[in-house]
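Given next are the chains, with one letter for each unit.
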Amino acid sequence: MKNRKDFRQIRIKIFLRTIAALVVAVSVIYITYSVLLRSRFADGMVALFQTALGIKYDAALQLYERIFRSHMDAMILFSILLIFAVLFYFYLRWLTRYFETVSEGMDLLLADAPGEISLPPELFSIERKMNLAKHTMLLQKSDMLVAEQRKNDLIMYLAHDLKTPLASTISYLNLLRDEKQISEELREKYLSISLAKSERLEDLINEFLEIARYSLSNITLQYKEINLTRLLEQLVYEFQPILDRKGLTCRLAAADDILLKCDADKMQRVFDNLLRNAVLYSYDGTEIIIEVEQGKDSLVLRFSNHGGTIPKERLERIFEQFYRLDTERRSGGTGLGLAIARQIVTLHKGAITAESENERTVFTVTLPVL
């Protein structure tokens, strides 16, 4: 119904033009027909033959009858067809101007020319849609440029960050090689620092690889049934050295042998990202809690930690790719972890949310029970 109203004006104009063309055609044909049949035309032609050929009236009349009178039907038909062809040509020329105008508007749209696209008033609905498409394309282009710039900036920051642990590692290894009389205690210290810097360098390289293969739309899931409780217990165990560095504890509150049908590798990646995020932003010496609630149709997992309250405006963007809470790059994170976690959870037909207040942050993952 809306499309009918959009093109009502052009339909009315085409209808009126068609009626006008028919009226003109009928009028011209009638006039031509009348002129050919009237005696004035015959008298004029006979007089023309007398003057031009220098013949008598009877001879001129016979010539007129042989040329015109005997072929009158054919001449009238030819006149009608000729008049119709001329009028139809001008009618089509007027009608095709609409297509030419729309084509010019499409060219402006594809050429990304500045300014609004302007069409005749009767094509207002097409003009409006073209300008809407143009604005949408401009917004998408702007978003792509911003995302590309953020990605390029991030790669530049990470490339700069690679130099620091690499330079430190090389420096301490040079000291170990050059200092022949170094004490065992100092040697152990240098080796520990070199190992820590090497691990940091490995983390940064892994983040580069994460960016290079970041194509979430191509993720496919391989479902299988897993013991969720055992998976989380193993995760906490693997994080123990990282927890110890900040004096953190991690408590798992889950029933024994909770089963979940999912893509185990990708879901483990979600939990790894959430626990790593909790460790990163927790106050030293606090407790991280992982809770699992089993319902009839869904499982709810909560990862909570005590740390600085995340402002609301940042909390709304926390799942955006390449967005990082730590603007000073203290953590050196890429801002991909939570974006990847959300995408994986979404592919599992689940949801992930974040809340932060009173120095307590909670990430909630809801997964359907298949």
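Notes on the structure in this doc start here.

Conventions and cut-offs
Residue positions are counted from 1 within each chain, in the order its sequence is given. Given that this is a predicted model, residues contribute local features only at a pLDDT of at least 70 and side-chain atom pairs are listed and counted only at 80 or more, while totals for whole chains, interfaces and linings are drawn from all residues. Side-chain descriptors were evaluated using all non-hydrogen atoms of the structure, hydrogens and water having been removed beforehand. Only DSSP runs of H or I reaching four residues or more are called helices, and only runs of E reaching two or more are called strands; each is numbered from the N terminus. Classification of residues uses two cut-offs on accessible area relative to the type maximum, computed with a 1.4 Å probe and protein chains only: under 20% is buried, over 50% is exposed, and between them is partly exposed. A contact between two residues is defined here by any heavy atoms of the two lying within 4.5 Å. Note that accessible areas follow from Shrake-Rupley with a 1.4 Å probe, and for residues the cover is restricted to the protein chains shown. Any two strands with at least two DSSP bridges between them are considered paired. Patches draw on residues past 30% relative accessible area with no salt bridge. Two like charges within 9 Å are joined, as are two nonpolar side chains (Val, Leu, Ile, Met, Phe, Trp, Tyr) within 5 Å. We define a salt bridge as a side-chain nitrogen of Lys or Arg found within 4 Å of a carboxyl oxygen belonging to Asp or Glu. Here the axes come from fitting lines to C-alpha atoms, over the contacting stretch only for helices, and the angles between their N-to-C directions go from 0 to 180 degrees. Handedness of each helix crossing follows the sense of rotation of the near helix against the far helix: counterclockwise by less than a right angle gives left-handed, clockwise gives right-handed. Directions are taken from the helix axis to each C-beta atom, and the arc is the one they span. Within 3.5 Å is the distance limit for a polar contact, defined as a pair of N or O atoms, with the added protein rule that one can donate a hydrogen and the other accept it, and that residues adjacent in sequence qualify only through two side-chain atoms. Note on aromatic contacts: the rings of Phe and Tyr and the six-membered ring of Trp form a pair at centre separations within 6.5 Å, being stacked when their planes are under 30 degrees apart, edge-to-face when over 60 apart, and tilted otherwise. Angular relationships are summarised with four words: roughly parallel below 35 degrees, roughly antiparallel beyond 145, roughly perpendicular across 65 to 115, and oblique for the angles in between. Residues were grouped as follows: Ala, Val, Leu, Ile, Met, Phe, Trp, Tyr, Cys and Pro as nonpolar; Asp, Glu, Lys and Arg as charged; and all remaining residues, including Gly, as polar. To form a nonpolar core, buried Ala, Val, Leu, Ile, Met, Phe, Trp, Tyr and Cys residues must be joined to one another through side-chain atoms within 4.5 Å. A helix is expected to span 1.5 Å for every residue after the first. Charged residues are defined here as Lys and Arg on the positive side and Asp and Glu on the negative side; His and the ends of the chain fall outside this count.

**Some details on the overall build of the protein**
Okay, so step 1: Each helix and strand counted, the protein has twelve helices and seven strands in total.
Okay, so step 2: The burial tally for the protein puts 33% of its 370 residues in the buried class.
Okay, so step 3: Counting contacts in the protein only where the partners sit at least 6 residues apart, residues at least 24 apart contribute 69% of the total.
Okay, so step 4: Here the protein displays about 23,800 Å² of accessible surface, and carbon together with sulfur accounts for 57% of that area.

**A word on the pairing of strand S4 (residues 287-294)**
Okay, so step 1: Alignment of strand S2 (residues 249-253) against S4, held across five bridges, turns out to be parallel. Across the sheet, alanine 253 pairs through a bridge with glutamate 291, a residue of S4.
Okay, so step 2: Two strands pair when backbone bridges link them, and S4 and strand S5 (residues 298-306) are joined in this way by six bridges, in the antiparallel orientation. For glutamate 293, the partnering residue across the bridge sits in S5 and is valine 300.
Okay, so step 3: Counting the residues between successive antiparallel strands, the hairpin from S4 to S5 contains three residues.

**Some remarks on a nonpolar patch on the surface**
Okay, so step 1: A surface patch of nonpolar side chains, about 570 Å² in accessible area, is lined by Ile12, Phe15, Leu16, Ile19, Leu22 and Val23.
Okay, so step 2: Among the secondary structure elements, phenylalanine 15 is positioned in helix H2 (residues 8-37).

**Examining the packing of helix H10 (residues 264-280) against helix H12 (residues 337-347)**
Okay, so step 1: Across the interface, H10 lies against H12 with an axial gap of 9 Å and an inter-helix angle of 145°. You can see that H10 and H12 cross each other, and the crossing is left-handed. Counted together, Lys266, Met267, Arg269, Val270, Asn273, Leu274 and Asn277 of H10 and Gly337, Leu338, Ile340, Ala341, Ile344 and Val345 of H12 form the full contact between these two elements.

**Things to note about helix H8 (residues 228-238)**
Okay, so step 1: Every buried residue belonging to H8 is among Leu228, Thr229, Leu231, Leu232, Leu235 and Val236, and all of these are buried. For H8, the arc enclosing every buried residue in end-on projection is 160°, short of the 170-degree limit, so these residues lie on one face.
Okay, so step 2: Between a side-chain oxygen at the N-terminus of H8 and the backbone nitrogen of threonine 229 the separation is 3.2 Å; the capping residue is asparagine 227.

**Here's the deal with the packing of aromatic side chains**
Between two aromatic rings, the relevant description is the distance of the centres plus the angle of the planes.
Okay, so step 1: If you walk through the whole model with that rule in mind, you get six aromatic pairs.
Okay, so step 2: Both rings, one in tyrosine 89 and one in phenylalanine 90, keep their centres 5.4 Å apart while their planes meet at 75°; by these two values the pair is edge-to-face.
Okay, so step 3: Centre to centre, the rings of tyrosine 91 and tryptophan 94 are 5.9 Å apart; their planes meet at 40°, and the pair counts as tilted. In this pair, tyrosine 91 and tryptophan 94 both sit in helix H5 (residues 72-110), three residues apart, roughly one turn of the helix. As far as burial versus exposure is concerned, tyrosine 91 and tryptophan 94 are alike and both buried.

**A closer look at the side chain of threonine 229**
Okay, so step 1: If you trace the backbone, threonine 229 turns up in helix H8.
Okay, so step 2: Engagement of the side chain of threonine 229 in a polar contact is seen with the backbone oxygen of alanine 255, the distance being 2.7 Å.
Okay, so step 3: Only 3.1 Å separates the side chain of threonine 229 from the backbone nitrogen of isoleucine 258, close enough to count as a polar contact.
Okay, so step 4: Apart from the residues within four sequence positions on either side, threonine 229 is in contact with Leu252, Ala255, Asp256, Asp257 and Ile258.

**Some details on the packing of H8 against H10**
Each pair of packed helices can be summarised by the angle the axes make with each other and by the distance between the axes.
Okay, so step 1: One can describe the packing of H8 onto H10 by two numbers: an axis separation of 11 Å at closest approach and a directional angle of 40°. Taken together, the axis directions place H8 and H10 in an arrangement best described as oblique. Along this stretch, H8 crosses H10, giving a crossing that reads as right-handed. Contacts between H8 and H10 involve Leu228, Leu231, Leu232, Leu235 and Glu238 on the former and, on the latter, Gln268, Phe271, Asp272 and Leu275.
Okay, so step 2: Tallied by class, residues from the contact of H8 with H10 come to six nonpolar, one polar and two charged.

**What about the pattern of salt bridges?**
Okay, so step 1: Going through the model one piece at a time under the given rule, you end up with eight salt bridges.
Okay, so step 2: Glutamate 233 is paired through a salt bridge with arginine 230; the nearest N and O atoms lie 3.2 Å apart. In this pair, glutamate 233 and arginine 230 are both assigned in helix H8, three residues apart and thus about one turn of the helix distant.
Okay, so step 3: Residue glutamate 233 is classed as partly exposed on the basis of its relative accessible area, which comes to 37%.
Okay, so step 4: Salt bridges linked by common partners bring Arg230, Glu233 and Asp257 together as one network.

**Examining the sheet that holds S4**
Okay, so step 1: One open sheet accounts for five strands, arranged S2-S4-S5-S7-S6; its pairing is mixed. Either end of the sheet is taken by a strand with one partner, and the two such strands are S2 and strand S6 (351-357). Strand-to-strand twist across the sheet, computed as the mean angle between neighbouring axes with direction ignored, equals 15°.

**Concerning the nonpolar core**
Okay, so step 1: Ranked by internal contacts, the top residues of the largest apolar core, which has 41 residues, are Leu228, Phe271, Leu275 and Leu301.
Okay, so step 2: If you list the elements that add at least two residues to this core, you get H8, strand S3 (259-262), H10, S4, S5, H12, S6 and strand S7 (360-368).
Okay, so step 3: No other element matches H10, which puts eight residues into this core.
Okay, so step 4: With sequence-adjacent residues up to four places away left out, leucine 301 is seen in contact with Leu228, Leu232, Phe271, Glu291, Val292, Phe363, Thr364, Val365 and Leu367.

**Description of H10**
Okay, so step 1: Compared with the 24 Å implied by 1.5 Å per residue over 17 residues, the 24 Å span of H10 between its first and last C-alpha is a close match.
Okay, so step 2: By the burial criterion, the buried members of H10 are Ala264, Met267, Val270, Phe271, Asp272, Asn273, Leu274, Leu275, Asn277, Ala278 and Val279.

**Some thoughts on the side chain of glutamate 127**
Okay, so step 1: Assignment of secondary structure puts glutamate 127 in helix H6 (residues 124-178).
Okay, so step 2: Within the buried core, glutamate 127 has no salt-bridge partner, and the shortest N-O distance to an opposite charge, that of arginine 128, equals 8.8 Å.
Okay, so step 3: A distance of 2.8 Å separates a polar side-chain atom of glutamate 127 from the backbone nitrogen of leucine 119.
Okay, so step 4: The residues contacting glutamate 127, other than those within four sequence positions of it, are Ile117, Ser118 and Leu119.

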